[in-house]
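Observations on the model geometry
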Amino acid sequence: MKGAGKNFLALLLFPGLVSIFISQQASSMPNFSRKYNNMSCSGCHNPVPRLNEFGFKFRAAGFRMPDEIGKGETSSNIGDYIAARTQARYDLSRSEAPNGTSTDKNQLAFHEVTFYPITGAFDKYYSSLVEMSFLPGEPAELENGYVRYNNGKENEFFSARFGIMHPFEGYGASDRPLGLARPLFQRTAASFNQSTLFTPWGFDEVGLEFGYTVGNTAIRATIFNGLLSSGEPAQGGDLSKPVGKPSSNSKDIQLFVTHMLTDNGGGLSGFFYAGWLDLPTGLTAPETFQNTFQRYAVYASYPVEKALFLGGYQYGKDNSFDRVLRRVGADFNSSGIFCEANYNVSEPLWFGLRYDWFDPATNVSDNRILAVTAIGNYSFDNGLQFIAEYQHKDSKKGVVGSQKDAAF
């Protein structure tokens, strides 16, 4: 950016990281704290919302201590199964198109209320998570709604869950981020001559998952119902796949493996996703074509004293559509990386800096996306949390130049 743009970025960056924080209720669950004698948020998080080893195993065991599998009883306190959080935001941003036209945004907003009824462990083997989000002007959204079954012993158990769920349960670099925005390759779709719609994070799909946890290693295999050509997850009802389309009865497959190296965020994760999605062609006939796609990703993180270093790489393969020949064209690839460093200044204050690079189609020149993100995270032990995030993103648009976006 030039002139006023540079001043705008400077005004955002320094106050944002030093003294101004966006209010957001913590992602930790107070109902679990109540059940286990007011256990501190830091028992499961380092910091909120990222899980430590104990928090990961607690979730994997069905929101119970792993040694309680097959032993624990349903709590008689309804408060052990209910939680809620609320989020408010202040957003300040500027977008500059390749032709130099800029657009500014400056607003306070009530962002979201999230309600967690029927969330926790019950009986000796079962647990559930229900997560309902309410946003201004939008209908209620069910982000999670599943039942989990666990059977085994503390350091080795099998699990299964069924229902609507977030894509995967990660650790370290594959876990929830320190700030608000996830790495680019998790939330940006591959694109050759049109968007492929799918992203590894952002869709709450209906799925059936089978898992095996042994020691510090968790293996998960999931069958998902997939996505619609509108970009919505095929959850049923009005979001059912239309009959007669190529992917009407297709099921997506995901494999996710995590190994925890340290108890405070050091770990390795591997991700594979194979899917089938009917994409619009822009023609009257055929109206859609079937994109058979794959995503492969690896994540790694490791702590060094008060710092945590994180990184990830993703490779993707998709089909394109040849509108001239009216048929599926050549395959194309996408790839992306991120590198991040988080530093614990003093409990509970963390700062982070991340670099992202994503190429939505490697066989197309001048289309890469770069982003630099700075993060501040301060979480109280009573559930209140403040997060500040500044991101500068540069998106190449071929010969016309770059789209530049700065957001605080």
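These numbers were taken from a predicted model, which means no experiment stands behind them.

Turning to the overall build of the protein, a few remarks are in order. When its secondary structure is counted, the protein shows four helices and 18 strands. Taking 408 residues into account, the globule formula puts the C-alpha radius of gyration at 22 Å, and the protein, at 22 Å, falls close to it. For the protein, the C-alpha atoms occupy an extent of roughly 65 × 55 × 40 Å along the three principal directions. Going through the 408 residues of the protein one by one, you find that 50% of them count as buried. For the protein, restricting intrachain contacts to residue pairs at least 6 apart in sequence, the fraction spanning at least 24 positions comes to 57%. Both charge centroids of the protein, one from 36 positive and one from 40 negative side chains, sit 3 Å from each other.

We now examine empty space enclosed by the protein. Inspection of the entire model under this criterion finds five cavities of 30 Å³ or more. A volume near 80 Å³ is recorded for the largest cavity. Considering the residues around the largest cavity, the lining is formed by 13 residues, among which Ala173, Asp175, Pro177, Leu310 and Glu340 are closest to the centre. When residues of the lining of the largest cavity are assigned to their parent elements, the largest contribution, three residues, is made by strand 14 (residues 327-346). Of the volumes computed, that of the second largest cavity is approximately 40 Å³. If you trace the second largest cavity, you find it lined by Arg161, Pro167, Phe168, Glu169, Glu209, Arg220, Thr222, Gln254 and Phe256. Counting only elements with at least two residues in the lining of the second largest cavity, the list comes to strand 9 (217-224) and strand 10 (252-260).

Enumeration over the complete set of coordinates arrives at 28 aromatic pairs. The interplanar angle of 55° and the centroid separation of 5.3 Å between the aromatic rings of Tyr126 and Tyr149 together place this pair among those described as tilted. Of the two residues, Tyr126 is situated in strand 5 (residues 126-134) and Tyr149 in strand 6 (residues 141-153); the sequence distance between them amounts to 23 residues. Taken together, the ring pairs connect Phe168, Phe198, Trp201, Phe224, Phe256, Phe271, Tyr273 and Phe293 into an aromatic cluster.

With that settled, the discussion passes to helix 3 (residues 53-60). Counting buried positions along helix 3 yields seven of eight residues, so the element is predominantly enclosed. The complete set of buried residues in helix 3 reads Glu53, Gly55, Phe56, Lys57, Phe58, Arg59 and Ala60. On its buried face, helix 3 is in contact with helix 2 (30-35), strand 6, strand 7 (156-165), strand 8 (205-214), strand 9 and strand 10. You can read the cap of helix 3 off the contacts: a side-chain oxygen lies 3.2 Å from the backbone nitrogen of Phe54, and it is on Asn52. Gly62 occupies a position one or two residues after helix 3 and carries a positive phi of about 90°.

As a further point, take the pairing of strand 2 (residues 83-96). Relative to strand 3 (residues 102-116), strand 2 runs antiparallel, the two being bridged by 14 bridges. Note that in strand 3 the partner of Asp91 across the bridge is Gln107. Following strand 2, the chain reverses through five residues before pairing antiparallel with strand 3; Gly100 in that reversal takes a positive phi of roughly 95°. Where strand 2 lies against strand 18 (residues 402-407), four bridges are found, and the strand directions are antiparallel. Within strand 18, the residue paired with Glu96 across the bridge is Lys404.

Note on placement: Asn31 falls in helix 2. We classify Asn31 as buried; its relative accessible area is 0%. Only 3.4 Å separates the side chain of Asn31 from the backbone oxygen of Asp80, close enough to count as a polar contact. Residues within four places of Asn31 in sequence aside, it is in contact with Gly79, Asp80, Tyr81, Ile82, Ala83 and Thr119.

So, about the confidence of the model for the protein. Atomic detail in the predicted coordinates should be set aside for any region of low pLDDT. Of all residues in the protein, 93% attain a pLDDT of 70 or more, and the chain-wide mean is 91. For the stretch residues 1-26, pLDDT sits under 50, and the model shows 65 contacts to residues farther than four places along the chain or on other chains.

The next thing to look at is the state of the cysteines. In a disulfide, the sulfur atoms of two cysteines are held together by a covalent bond. Summed over the entire model, instances satisfying the criterion amount to zero disulfides. In this model Cys41 remains outside any disulfide bridge; the closest cysteine sulfur is found in Cys44, 8.7 Å from its own.

Right, let's talk about the nonpolar core for a bit. Counting residues in each nonpolar core, the largest one holds 36 residues, and the members touching the most others are Phe58, Phe63, Phe168, Phe271, Tyr273, Tyr299 and Phe338. Broken down by secondary-structure element, the contributors of at least two residues to this core are helix 4 (184-187), strand 11 (267-280), strand 12 (288-304), strand 13 (307-322) and strand 16 (369-379). Once residues within four sequence positions are removed from consideration, Phe338 is found in contact with Ala173, Pro183, Phe185, Tyr299, Leu310, Gly311, Gly312, Arg354, Tyr355 and Asp356. Core analysis: the next-biggest nonpolar cluster, separate from the first, contains five residues, Leu92, Ala388, Ala406 and Phe408 among them.

The full count for this structure, using the stated rule, is 16 salt bridges. Put simply, Glu169 and Arg59 hold a salt bridge, and the shortest N to O gap is 3.9 Å. Linking Glu169 in the loop between strand 7 and helix 4 with Arg59 in helix 3, this pair joins segments that are 110 residues apart in sequence. Taking the relative accessible area as the measure of exposure, Glu169 reaches 15% and is therefore buried.

The next subject is the environment of Asp104. Here Asp104 is to be found in strand 3. Placed 13 residues apart in sequence, Asp104 and Asp91 show a C-alpha to C-alpha distance of 10 Å. Within the local environment of Asp104, its side chain forms a polar contact with the side chain of Arg94, the two groups lying 2.7 Å apart.

About the criteria used
Residues numbered from 1 in each chain as written. Predicted model: local features only at pLDDT ≥ 70, side-chain atom pairs only at ≥ 80, totals over all residues. Heavy atoms only, no water. Helix = DSSP H or I, 4+ residues; strand = E, 2+ residues; numbered from the N terminus. Rg over C-alpha atoms; globule rule 2.2 N^0.38 Å. Buried < 20%, exposed > 50% of the residue type's maximum accessible area, 1.4 Å probe, protein only. Contact = heavy atoms within 4.5 Å. Lys, Arg positive; Asp, Glu negative; His and termini not counted. Charge placed at Lys NZ, Arg CZ, Asp CG, Glu CD. 1 Å grid on protein atoms, 1.4 Å probe; cavity = no way out; pocket = protein on both sides within 12 Å on 5 of 7 lines; lining within 4 Å. Points joined across faces, edges and corners; volume = space filled by probe spheres on them. Phe/Tyr/Trp six-rings, centres within 6.5 Å; stacked < 30°, edge-to-face > 60°. Polar contact = N/O pair within 3.5 Å; in protein donor to acceptor, adjacent residues only side chain to side chain. Pairing = 2+ DSSP bridges. pLDDT = per-residue confidence, 0-100. Disulfide = S-S within 2.5 Å. Core = buried A, V, L, I, M, F, W, Y, C linked by side-chain atoms within 4.5 Å. Salt bridge = Lys/Arg side-chain N within 4 Å of Asp/Glu carboxyl O.

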